[in-house]
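The lines below spell out each chain.
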Amino acid sequence: MDEEKEKSKEQEKKPTSEEAPSPEKPKKQPKVWAKPGAPAAGPARPGVGGAGESKPPAAAQASPAPPKPAASAPPRKSPVETPTYLDISQDPLVSRIQEKFPGAVLAAQSFLGQKILTVDPLVVLPLCDFLKHDPECNFDLLEDVTAVDFPERDKRFVVVYQLCSIRRNVQVRLKCNIAENDKVASVTSVWSVANWLEREVYDMFGIIFLGHPDLRRILLPEDWVGHPLRKDYDVHKQDEDWIQRHLQIRK
Amino acid sequence: MIDQIIFYTLAFIIVAMSLMVILARNAVRSALYLISALLGFAALYIRLQAELLAGVQILVYVGGIMVLFLFVIMLVSVRTMEHQARQTRQWKAAVVIALGVAAELIYLIVRGGSIFVTKQPPDALLTKSQNTQVVGEALYSTYLLPFEIASVLLLVAMIGAVVLAKKKI
Amino acid sequence: MEHDIFGAIDEKTVLDANQVVINMGPQHPSTHGVLRVKLTLDGERVIDTDCIIGYLHRGTEKIVENRPYAAGVPYFDRTDYVAAVSNNLGYVECVEKMLGVEVPPRVQYIRTMMTEFQRIASHLLWLGTHALDIGAMTVFLYAFREREEILKLFEALFGARLTIHAFRIGGLWQDLPVGFLDACRRFSDTIGEHINEYEGLLTNNRIWLERTRDIGVISAQDAIDLGLTGPVLRGSGVNYDVRKARPYSAYADFDFDIPLGVHGDTYDRYLVRIEEMRQSNRIIQQCITRMPTGPIRAKAPRVIKPPVGEYYHSVEGPKGELGYYIVSEGKTSPYRVRIRPPTFINLQALKKLVKGHLVADVVAIIGTLDIVLGEIDR
Amino acid sequence: MNILVNYVVIPLVKIVVIVAILSGGIAYLTLMERKVIARLQHRLGPMRVGWHGILQPIADGLKFIIKEDIIPIKADRFVFTIAPGISLVPAFIVFSVIPFGPPDSLWGTGGYVTDVNIALLFAVAVSSVGVLGVILGGWASNSKYPLLGALRSSAQMVSYEVAMGFGIIGVLLVANSLSLVEIVEKQRSMGVWFFFVQPIAFLIYYFCGMAETNRLPFDLPEAETELVGGFHTEYSGFRFSLFFIAEYANMITVSSLAVTLFFGGWLRPFSSVAALSFLDIIPPPLWFVIKVLIFLYIFIWVRGTLPRFRFDQLMRIGWKVFLPVAMANVMVTGAILLKFL
């Protein structure tokens, strides 16, 4: 099932400069494609719709967004824009960064109104320091650090920093793509909160943060093998290995 | 007769416990034996109708000082002390002192009671409820100076302890 | 002044009890779960702490990667298991945002109301356990008495009390049962008095003041630097509440205040949470009186397949900013779901907060951080 | 023969009776505590065993006896074993000097086991021994939480013993005797309970008593939410129950002494007012018990209401509040007595 083509997903984050009919806020029109009146969202105790069994009849492709074929988007009857990544390289924040760190921002996009800057991993630390202390940026709160694994890409990991400025009440997301053995600078010196967050990313993805004061596993035991949130992590095998090693239980 | 039995029983307990104090390898057990010995003394005092002394003995020594003893012993790691050498190079000095004390004791035993001048207090002082009062009067009249000297000494010791414990005051 | 005469004595040789390492937890009554705190003590004074967590790690984020979107909801009941409604709200809204589904106002109101009930319930649990940690046993039982009423409401509406699978993507499981709003109103009318009751036992109690004032002080700047959110942040006087900063659900429609602390100590955080319960009650009352009619489900797709993209949506959970970051590859199950766990991040501040305090304060500070291990370990 | 009866048989009988009553009283004190606290907290408390849980203490006792008695492998077995006894025995010995009836009661043998002339000193001294059991138990467990509990206990004990002693001296000055019987008699002859003469002394005594019995808000040595039970963390089964019994026995001791010293012991209220003589319908020992129960109730009430002090605060209050106030009380009392008597 689900023989959607996900192979063509690699460079999907290409900014789509042409035709920006989709606004910042998601235009939320109901996408009706269940039978109207049928209990759509939560009919009964068991979760809605089983695993991907209901196969959409035909790809809808109403959406224009060219670089990434939106074929995988659910088909819909009413022609509604599928939200896409929009280019925001003219955004004042981006230009502010660009003038300070030329070339640091590899891509500036927005998705559903959220700003996403893909930055050069080499400048993460100075850039973060700048973003925090620059009075015009003032991103004083590091909300989250996490990562996403795309094993089929060259640079398989995306490290994601979710920043927020409490005073200006704006958010921005920094992303940097790194390869498996790349390291990225720790931002613990900028925001103390990054300490545990980066430890968790290390624990779950095996990404090394340079300059981290205490880079140990945090949720998993010290002697755990592997990094579970990687897509190629075999849960069952690892689990059995660990149990065998520690509890001497054999199947 | 009964008096004798009681006395010798108590004396035996006290001596045995005192020996255990120095023979026990574990400091906390030593403290336990010391407590037992002190309680034995308290019992002796009661037998001598010195109830106040017995009460003070328990209150001050058993309830107060031994608590502090244990406090200190617990802080010092007893289990490492157990493994330390019991025989130090001081044993020669110890033998000399022990022999001296033994000689003294033997002398006292040989000479018997004749070297102790015992004064029988007036009967009135030994009546039941007067005990405490007698001690109090003696302390604050006849023995006022030693009493005050002792308290000053204790004060000095206390200040010294505070200074030692708190480097930065 | 320094006495050099004593310098020659190495204290360690005299007393090697200067530093004791003591394990608080993972089985300890006041770590609120299987948290293990390694305390390095000098006497009873805390020199250093190290939190060892993960005993409850279930790999929630990994599990939901392999589940359809809708089937992920119950897993988030079990992260912060004492605030399941808030967790559900964050996830459900995040998926809805990605889908572009707008839920009807009645759903918004019900969700908001139930989330505020959940906030009160969570704060009650916090209050009870926090007070119990400090030795005030009666408050604990009082708080549980009222929490029980909330759980009964949950049971009536959601069919369960704790892990309740409160919301569905696109709406609700069922409409409010008959008489539900009256029950809510009854609760809402009395909770104020009950809060006064707790305050009567604690707020001006000399011992309570001594135990909480100037304990675990954190300045506004440090709090932000440590990524604290929720009442812990607001106790330091930082006005940041996601309900006001980025209103979601129906919060924009209601009048409520954000209580702020001044000193950033345990007592201020206590006051903030107490006042938050009152404000939550205000929201609930507004919800009850203005409850709109209408459908309880949006026209959401049956198979939920958000378009390729990513979204970070955060809600103000009872314990802080609860964020969901979902990466979709256009499949029926999310490519990656990241939970921003507020208590995980808040717990990190423990090290800073307890430094120099006594063992008894560690308990008070763990209490004031209002942690829940299900969420920390996920 | 007469000596044998007077000094052996009668005291022995009294001791047996008192120990029996006390044991039963302690058992039902636990039930009372649970019921009262439950009442304070809007719940029912024990309801299953017997009518309204009336047999609960027996079930508890059985449970304690039947439970496995665990001695940690690294514990000091000898000390670990005897520590609960060291705690328990003094708690019971104190009752040998506490009078619960006038000297002419119980067929002229006196409502007490013995009336020694230093009874008050004896009571204070012996009850101070009990803490040794706590300390030794905490140390012998060879575990960190119990050790911390033991350290707290010893520090707390030493601090509060001093203040308590000074508090009692106020009474001594007024009563001019250390005998508890005479203290009560003095209250009758003066026609006023010493509480009204020495209210400050009473408050200090009672608070220090709470501290000495490790009860909230002073229950730091056990503080189950911090030290997971403190000194008795490693104890289980019967040995644990000995500590438990000792704590409750100490509660009764403190209450009994408070009644004896400050509230006229076995005397009925207004014992000098003849118009109230109908109150004599209740025999003196019962008056004593009633008063003790009131104080026990206060113990429980406080536990249900107050949070716990922190250790340093506790020490500060002991040394910087109670002790100076108690000393001032002694001085003022002494000055007044010198001036007017």
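Residues numbered from 1 in each chain as written. Chains lettered and ligands numbered in written order. Predicted model: local features only at pLDDT ≥ 70, side-chain atom pairs only at ≥ 80, totals over all residues. Heavy atoms only, no water.

Engineer: A description of empty space enclosed by the protein should follow, citing residues and the corresponding values.
Structural biologist: Residue and element names in this part refer to chain D. Scanning the model with the defined rule gives nine cavities of 30 Å³ or more in all. For the largest cavity, the calculated volume is near 320 Å³. Lining the largest cavity are 25 residues, with S127, V131, E212, T213 and N250 sitting closest to its centre. If you list the elements that add at least two residues to the lining of the largest cavity, you get α5 (119-140), α6 (144-175), α9 (199-212) and α11 (237-262). (1 Å grid on protein atoms, 1.4 Å probe; cavity = no way out; pocket = protein on both sides within 12 Å on 5 of 7 lines; lining within 4 Å. Points joined across faces, edges and corners; volume = space filled by probe spheres on them. Helix = DSSP H or I, 4+ residues; strand = E, 2+ residues; numbered from the N terminus.)

Engineer: Pulling in residues and values, what's your account of the pattern of salt bridges?
Structural biologist: Throughout the structure, instances matching the rule amount to 50 salt bridges over all chains. The closest approach of N and O atoms between R338(C) and D144(A), which form a salt bridge, is 2.7 Å. Of this pair, R338(C) sits in strand β8 (residues 336-340) while D144(A) sits in strand β4 (residues 141-149), on two different chains. The exposure class assigned to R338(C) is buried, which follows from its relative accessible area of 2%. For D144(A), a relative accessible area of 2% puts it in the buried group. With a shortest N-O distance of 3.1 Å, E61(C) and R378(C) are connected by a salt bridge. One end of the pair, E61(C), is in helix α2 (residues 60-65); the other, R378(C), is in the segment after α16 (373-377), and 317 residues separate them in sequence. Judged by relative accessible area, which is 5%, E61(C) ranks as buried. Taking the relative accessible area as the measure of exposure, R378(C) reaches 2% and is therefore buried. (Salt bridge = Lys/Arg side-chain N within 4 Å of Asp/Glu carboxyl O. Buried < 20%, exposed > 50% of the residue type's maximum accessible area, 1.4 Å probe, protein only.)

Engineer: So, the packing of helix α1 (residues 92-100) of chain A against helix α2 (residues 124-133) of chain A: which residues are in play, and what are the values?
Structural biologist: Residue and element names in this part refer to chain A. Axis separation between α1 and α2 bottoms out at 11 Å; the angle between their running directions is 125°. Between α1 and α2, the interaxial angle falls into the category oblique. In the packing of α1 onto α2, the handedness of the crossing is right-handed. Here α1 contributes L93, R96, I97 and K100 to the contact with α2, which in turn contributes L127, F130 and L131. The class makeup of the residues in the contact of α1 with α2 is five nonpolar, no polar and two charged. (Axes fitted to C-alpha atoms, helices over the stretch in contact; angles between N-to-C directions. Parallel < 35°, antiparallel > 145°, perpendicular 65-115°, else oblique. Left-handed = near helix turned anticlockwise from the far one by under 90°. Contact = heavy atoms within 4.5 Å. Nonpolar A, V, L, I, M, F, W, Y, C, P; charged D, E, K, R; others polar.)

Engineer: Explain the pairing of β8(C) to me, and be specific about the residues and the numbers.
Structural biologist: Residues and elements named next belong to chain C. Within β8, five of the five residues are buried, leaving the element largely enclosed by the surrounding structure. Neither face of β8 is open: one carries R336, R338 and R340, the other V337 and I339, and all of them are buried. Pairing geometry for strand β7 (residues 320-328) and β8, over five bridges, is antiparallel. Residue G323 lies in a different strand from β8, and its bridge partner there is R340. (Pairing = 2+ DSSP bridges.)

Engineer: I'd like a description of the sheet that holds β7(C), backed by residues and values.
Structural biologist: Residues and elements named next belong to chain C. In spatial order, the strands read β6-β7-β8; together these three strands make up an open sheet with antiparallel pairing. The open sheet has two edge strands, β6 (309-317) and β8, and neither has a second partner. Within this sheet the neighbouring strands show an average axis-to-axis angle of 15°, counted without direction. Relative to β7, β6 runs antiparallel, the two sharing nine bridges. Among the inter-strand pairings, S314 is bridged to a residue of β7, identified as G323.

Engineer: Any chance you could break down the packing of aromatic side chains for me, citing the residues and the numbers?
Structural biologist: Counted by the stated rule, this structure contains 40 aromatic pairs over all chains. A network of ring pairs unites the aromatic residues W193(D), F195(D), F196(D), F202(D), Y205(D), Y206(D), F262(D), F263(D), F295(D) and F299(D) as a single cluster. R153(A) extends its terminal NZ or CZ atom over the ring of F150(A), reaching a point 3.7 Å from the ring centre. Taking the ring centre of Y335(C) as reference, the NZ or CZ of K231(A) above it sits at 4.0 Å. (Phe/Tyr/Trp six-rings, centres within 6.5 Å; stacked < 30°, edge-to-face > 60°. Lys NZ or Arg CZ within 6 Å of the ring centre and 35° of its normal.)

Engineer: Tell me what's going on with the confidence of the model for chain B, and back it up with residues and numbers.
Structural biologist: Residues and elements named next belong to chain B. Across chain B, pLDDT averages 79, with 79% of residues at or above 70. Across chain B, helix α8 (residues 144-165) holds the top mean pLDDT of 89, while helix α6 (residues 123-126) sits lowest at 53. Across the whole predicted complex the pTM is 0.79, and at the interface the ipTM reaches 0.75. (pLDDT = per-residue confidence, 0-100.)

Engineer: Before we move on, could you go through unusual backbone geometry and cite the residues and values that matter?
Structural biologist: The backbone phi angle of L112(A) is positive, close to 50°, even though this residue is not glycine. Topologically, L112(A) is positioned in the loop between β2 (105-111) and β3 (114-119). A residue is classified by how much of its surface remains accessible, and L112(A), at 9% relative accessible area, is buried. With phi around 45°, S249(C) is a residue other than glycine that occupies positive phi space. If you trace the backbone, S249(C) turns up in the loop between α11 (242-245) and α12 (266-290). Look at S249(C) and you get buried, because its relative accessible area is 19%.

Engineer: Which residues make up the side chain of D241(C), and what are the values?
Structural biologist: Residues and elements named next belong to chain C. Its location among the elements puts D241 in the loop between α10 (231-234) and α11. Polar side-chain contacts of D241 include one of 3.4 Å to the side chain of R234. Those residues in contact with D241 that sit more than four places away from it in its chain are R234, I258 and E316. (Polar contact = N/O pair within 3.5 Å; in protein donor to acceptor, adjacent residues only side chain to side chain.)

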